[in-house]
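Each chain, written out:
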Amino acid sequence: MPGDTPNRNQSPIRRAASWLVFPVVMTAGLLLVHYLMNTGTEAGIAVLVVSIPFAFLIGGIERLLPYRTQWLQSQKDVGTDLLHMFLVQIAIPKIAQPLWAAALVTVVAALAERFGSGLWPHAWPLPAQLFLMLVIAEFGRYWVHRAAHEIPALWRLHAVHHSPKRLYWLNAARFHPIEKVIFLVPEVIPFVLLGTNAETLALYQVFNSIHGLFQHANIDVKLGPLNYLFSMAELHRWHHSREIDESNRNYGNNLIIWDIIFGTWFLPEDREIHEIGLLIDDYPQDFVGQMVVPFKPEGNAKPADWAGA
């Protein structure tokens, strides 16, 4: 929003909170899901038990440590984004992942018979297994996300995610369900084929949830040199810019390493993000409208972050 710039006259406590809030919350979430699974909680339940309360915790932190005060004001978007959270982010993965896993059982069995059960490094420490999963998943997510900005048919779906006019924690949930299924492919298929264990998968899902919420949250997060590792809010705000040269950058979901390798990392030091969203001012802001607009002629109107004809 023009004229609404972050307050840089901060107290030492607020500055410290900006640096500590992400690593502290993330570490707590990962330790909690690890503890729950070690005490016998089923992986899917453990992920939900951690992810849902932590989502609302991050929403609460926004009120205490906002990046922009104007982004705290509702634009009648909360109801829409809650529907995205529970229907698109929770229901669809719960339905799609078991179906894909069942379809790949035969392939996994054949690979195990030929190569044994050592395709996934189960003996590695869990943090190393989590990092390996992040790196592999990020490679696929990077190219799927980049394609969503460069291929008009995919942009029709992805424009839903870029439609918010402010950034806040629930923006992380706003995706068209068809695109959500597409984005799940690099996060599911490689790890079913590799035989990744349930605990690593659960850690990844919690990391992905907490990181995604922070990535979109209206929280004044600071990462410093870690902006060369994580695709966090300082980077991702530019990806939501209305300016094409700014928004076709920082495609990373959790890690930013593939953006660095492929030349799309972007974090200017001389200015703050200006306006976010689409150039289509009348783009639907209700859930049903966002479900159908990709299939309407106006759903492919030229957006801020697609330079195609």
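Residues numbered from 1 in each chain as written. Predicted model: local features only at pLDDT ≥ 70, side-chain atom pairs only at ≥ 80, totals over all residues. Heavy atoms only, no water.

Undergrad: With reference to specific residues and values, describe the layout of surface pockets.
TA: The volume enclosed by the largest pocket comes to roughly 1,100 Å³. If you trace the largest pocket, you find 45 residues lining it, with Gln89, Pro93, Lys180, Gln205 and Asn208 closest to the centre. Residue contributions to the lining of the largest pocket peak at 11 residues, all from helix H7 (residues 198-216). If you add up the space inside the second largest pocket, you get close to 360 Å³. Looking at the lining of the second largest pocket residue by residue, the class counts come to 8 nonpolar, 2 polar and 8 charged. (1 Å grid on protein atoms, 1.4 Å probe; cavity = no way out; pocket = protein on both sides within 12 Å on 5 of 7 lines; lining within 4 Å. Points joined across faces, edges and corners; volume = space filled by probe spheres on them. Helix = DSSP H or I, 4+ residues; strand = E, 2+ residues; numbered from the N terminus. Nonpolar A, V, L, I, M, F, W, Y, C, P; charged D, E, K, R; others polar.)

Undergrad: For a nonpolar patch on the surface, give the residues involved together with the corresponding values.
TA: A cluster of nonpolar side chains, namely Phe139, Trp143, Ile261 and Phe262, defines an oily patch on the protein surface of about 370 Å² accessible area. Listing elements by their share of the nonpolar patch, those giving two or more residues are helix H4 (126-150) and helix H10 (257-262). Tracing the sequence through the fold places isoleucine 261 in helix H10. Exposure remark for isoleucine 261: the relative accessible area of 54% places this residue in the exposed category. (Patch = residues over 30% accessible without salt bridge, like charges linked within 9 Å, V, L, I, M, F, W, Y side chains within 5 Å. Areas by Shrake-Rupley, 256 points an atom, 1.4 Å probe, with all protein chains shown as cover. Salt bridge = Lys/Arg side-chain N within 4 Å of Asp/Glu carboxyl O. Buried < 20%, exposed > 50% of the residue type's maximum accessible area, 1.4 Å probe, protein only.)

Undergrad: Please provide a residue-by-residue account of the packing of aromatic side chains, values included.
TA: By the definition in use, this model includes 16 aromatic pairs. Ring centres of tyrosine 67 and tryptophan 71 lie 5.8 Å apart, and the angle between their planes is 40°; this geometry places the pair in the tilted category. Between tryptophan 238 and phenylalanine 266, the ring centres sit 5.6 Å apart and the planes meet at 90°, which makes this aromatic pair edge-to-face. With tryptophan 238 in helix H8 (residues 233-239) and phenylalanine 266 in the loop between H10 and helix H11 (287-292), this pair connects stretches of sequence that are 28 residues apart. Taken together, Phe139, Tyr142, Trp143, Tyr251, Trp258 and Phe262 form an aromatic cluster joined through their ring pairs. Over the ring of tryptophan 71 we find arginine 68, and its NZ or CZ is 5.0 Å from the ring centre. The cationic tip of arginine 237 hangs over the ring face of tyrosine 67; the distance from NZ or CZ to the ring centre is 3.5 Å. (Phe/Tyr/Trp six-rings, centres within 6.5 Å; stacked < 30°, edge-to-face > 60°. Lys NZ or Arg CZ within 6 Å of the ring centre and 35° of its normal.)

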